[in-house]
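A structural walkthrough
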Amino acid sequence: MSDVYDPASLPDLLPLYYRRLFPFSQYFRWLNYGGVTKNYFQNREFSFTLKDDIYVRYQCFSNQSELEKEMQKMCPYKIDIGAVYSHRPNQHNAVKSGSFQAQEKELVFDIDMTDYDDVRSCCSSADICHKCWTLMKIAVRVLDRALKEDFGFEHRLWVYSGRRGVHCWVCDEAARKLSQSARSAVAEYLSLIRVVGGSETIKKVQLSTPVHPFITYVPVSINVALHYCRAVSCVASMVSDNWVLIYKCTSASPLIRDMLQSDFQKYKTSVKRWESLKKRVKQGSQKNSALLDSEIVLQYCYPRLDVNVSKGVNHLLKSPFSVHPKTGRISVPIDTRQLDQFDPFAVPTISGEEDENYKRTSLGKYVKVFELFVEQMEKSWKGQLLKQSDMQGDF
Amino acid sequence: MQFFRKQRISRLNGDRQADMYPHSLQFYGQPPTENISLAEFETFAVDRLRLLKTIENIGVSYVKTSEQYSKKLEAELRKLLFPYRVDVDEKELGKEYEKRRKDHISHFILRLAYCQTEDLRRWFIQQEMDLFRYRFHEIPEEHFQNFLNTNNLIYNSINEEERRIVKLSIIHSNANISAVKLEEMEIYKVPFQDVLDLVRSRKVYLKGGYTYIPHKEIVTVVLNDFRTRLSKALAVTARSLPVVHSDERLQPLLNHLSHAYVGQDYSIQKNIGKISLEQIDNLSLKSFPLCMRNLHKALRENHHLRHGGRMQYGLFLKGIGLTLEQALQFWRAEFVKGKVDADKFDKTYAYSIRHSFGKEGKRTDYTPFSCMKIILSNAPSQGDHHGCPFRHSDPELLKQKLQSYKIPGNGINQVDDCNFSLNHPNQYFAESQSLLNGKDVKREAPAKISGGSQETPANVKMAESTSSAEMDDLELLFQDAP
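Residues numbered from 1 in each chain as written. Chains lettered and ligands numbered in written order. Predicted model: local features only at pLDDT ≥ 70, side-chain atom pairs only at ≥ 80, totals over all residues. Heavy atoms only, no water.

An unreviewed UniProt entry lists chain B under the name DNA primase large subunit, with Erpetoichthys calabaricus as the source organism. Comment text from UniProt for chain B, heading Sequence similarities (unreviewed entry), reads "Belongs to the eukaryotic-type primase large subunit family." (UniProt positions renumbered as here; feature names shortened; annotations may be inferred.)

If you check an unreviewed UniProt entry, chain A appears there as DNA primase from Erpetoichthys calabaricus. One UniProt comment on chain A, placed under Sequence similarities (unreviewed entry), says "Belongs to the eukaryotic-type primase small subunit family." Its UniProt record gives chain A a comment under Catalytic activity (unreviewed entry), which states: "ssDNA + n NTP = ssDNA/pppN(pN)n-1 hybrid + (n-1) diphosphate."

1. Quick word on the nonpolar core
Side chains of nonpolar character tend, in soluble globular proteins, to be buried together. If you look at the biggest cluster of nonpolar residues, it comprises 173 residues, and the most contacted ones within it are Y17, Y27, W30, F109 and L190 of chain A together with F136 of chain B. Residue contributions to this core peak at 11 residues, all from helix α4 (residues 130-150) of chain A. Those residues in contact with L190 of chain A that sit more than four places away from it in its chain are F109, L143, A146, L147, F151, F214, Y302 and L305 of chain A together with R202 of chain B. The next biggest cluster of nonpolar side chains, apart from the first, holds 38 residues, and it includes L290, V340, I353 and I374 of chain B. (Core = buried A, V, L, I, M, F, W, Y, C linked by side-chain atoms within 4.5 Å. Buried < 20%, exposed > 50% of the residue type's maximum accessible area, 1.4 Å probe, protein only. Helix = DSSP H or I, 4+ residues; strand = E, 2+ residues; numbered from the N terminus. Contact = heavy atoms within 4.5 Å.)

2. Points about the interface of chain B and chain A
With 17 residues of chain B in contact, the opposing surface of chain A contributes 23 residues. Overall, the association of chain B and chain A removes approximately 1,600 Å² of surface from exposure, summing both partners, and the carbon and sulfur fraction of that is 62%. For the side of chain B that touches chain A, the secondary structure elements donating two or more residues are α7 (160-173), α9 (196-200) and β3 (206-207) of chain B. With 4 residues, α7 of chain B is the single largest residue contributor to the side of chain B that touches chain A. (Buried area = accessible area lost by both parts, 1.4 Å probe.)

3. So, the confidence of the model for chain B
Residue and element names in this part refer to chain B. Of all residues in chain B, 79% attain a pLDDT of 70 or more, and the chain-wide mean is 76. Predicted confidence is poor over residues 409-420, with pLDDT under 50, and the contacts of this stretch with residues over four places away or in other chains come to 22 contacts. Taken as a whole, residues 440-482 scores under 50 in pLDDT and shows 71 contacts with residues more than four places along the chain or in a different chain. Among the prediction metrics, the complex's ipTM stands at 0.85, with pTM recorded as 0.67. (pLDDT = per-residue confidence, 0-100.)

Here is the structure:
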């Protein structure tokens, strides 16, 4: 039995959610990072959005118990996680100005479906459907591969934002210690398409030979992402239906563009259109059109990153297991090993009528993903704690 | 992941020197901790400043990686008793350590003098980087890994097996490296955090958090590291300055050191209105540096100057005290004699003159160009008269010109002994006027000038403004002059 979510019911639903369903234990184990660094959890900033849009920053807690009590008391509509500061965040005014500094934070990425509005014809702005969700899957694959293999980051948590996108939390120690300049360098390395507010200004993808290995891997990731897609060339078909996109991408090769235009009028199926595109590109003799078909695919599929979200050490990002006030959906972790099965429309909502046990079960599989993630990290902390105690001579 | 070894500083003895200074090149990570005499403090500082100024000068005259550059720099290093060689004989070791100690201490003293303003810091960092780069290139490849390790740069070169795997990817990531060239060099694994610029623009192969940098490019990485460390250190030093300045033995010396570089920028004209237009022709012969003399002559002859010339000369005139009204009158009178009618002048050229006096547009009161600026920016082309004759002119023409200005031979030979150094055309003018008018000269002017003609002081100083590069040519020339 499903029921429609009503935002007005949040004040009634949230207390139950925070009392019985929110995974405090794993959450604390995560943010405490094994207690390796002193006061790491205590100096972490949280921000809450409360009823009537009241927003409070610089919230902090001494331990798991205090975290639970406060969240149950305040019942935040939305929770954001910020940086680990040099002092307890709630003391930020008491500290000498200039000394209160954001010191560490996970490296984060935010992929928003609205940034794909220039290429998707099925939906726009806050809406999503299964067709354009494919683009999200591609984004996760492409970025996850690069973060793991190019940068060597091992602990990456992908989370569904609750409405129209995904977030990535990179929790490796090296990632948490990155400076702002390093974060922006990572984000720029991963960017092929610049998002500069509004679809008109999205930069075209332009490839030059030799093609950097990072880019070579992108189509591989795309193909893996589309493994279960039954169309002959799923992306190709989506692309060839999108004349506006092709028009924009061929601005440097007007001859090809003209030929394509007439081809597209002749051929009505996406398969035939895609074939003609590839043929024309091969025929084109100019240097800059040699990789045109790849450029078009990349223009369509490549993840749009907002560098500003990633670069700020003190940036506040929506917490996993926070509720999305507009949709009622819970921001759940995504199991990247089963990425293709992830269905954003099947994610549990915080709605009223289902029985608590049912809810716990439906949320359960996502809590499991989270638990596994934390366990993986705990293995690495254990080694560190041992090293520390060795150095201090305790046995 | 980098692991830092703490450097332990023990008491003074021969072995300790070997620990302290294992290389002729260092990152200046630890400040010196011994006691030294004031005399040594001063000598070390002055010598290093000399060195850095030489570096600045030869950097302008020669390509930084050329042989002449290296030769000149090595000569200067030897003269001033700074380390210049990596491989040192056993018997030379004692002297070598003395040099390295001087290098170490003098660097830290100059930090005190040059940390105070953005401009000073920038200059200091630039010269120290050039020095570092030179020494770095002198390190033979066998010693290289050792040098990196001693300085806590854990950049390991990769073995054959790994090379085979990553070779192609490196070539694909880097437009500058061909397969052939890559074969000849070591490849180092550098954590990505140390090469952010390359990562940002995806100009490097990145795997597992490490970038693969061929030897040819490692110098950029190391230099960037050096610059970052030094920049941070200068900021820290600046914060502890008040304590240093309270020591009255040090304060005068440190002030002198930093002003020796920067000097005035001649933007605040103390002599506004003291020059009349009629005097300019005469002044141009007596007290103008050669570049301005040329510009004035060209203006008088052609009744015109192009933009570069108008900027350089116009701002110089402002610097010697011309008012806006005088400047407008001066340029107008000259241009009207040429092809420009009064109306056109008022509509076009007048605007830019007012602009350079800060009366138009964004109202920046432009400062007269320093020698460095003249030499480094906007090289003159055919039909231009601006620039620096000692840099931009044909040497033959220059010789002839100087001969015609009757520079006495012995004037030149005394240049090296003087502490006077020219960085600004308006400085030349001011000093020349001081000397001619018998006023007190604050700087140590050339005391050994022979000959009493009025032309002499100005022209000797003119010769002094040559960069050391041209010095050799001129010396040859004037040995035979009448």
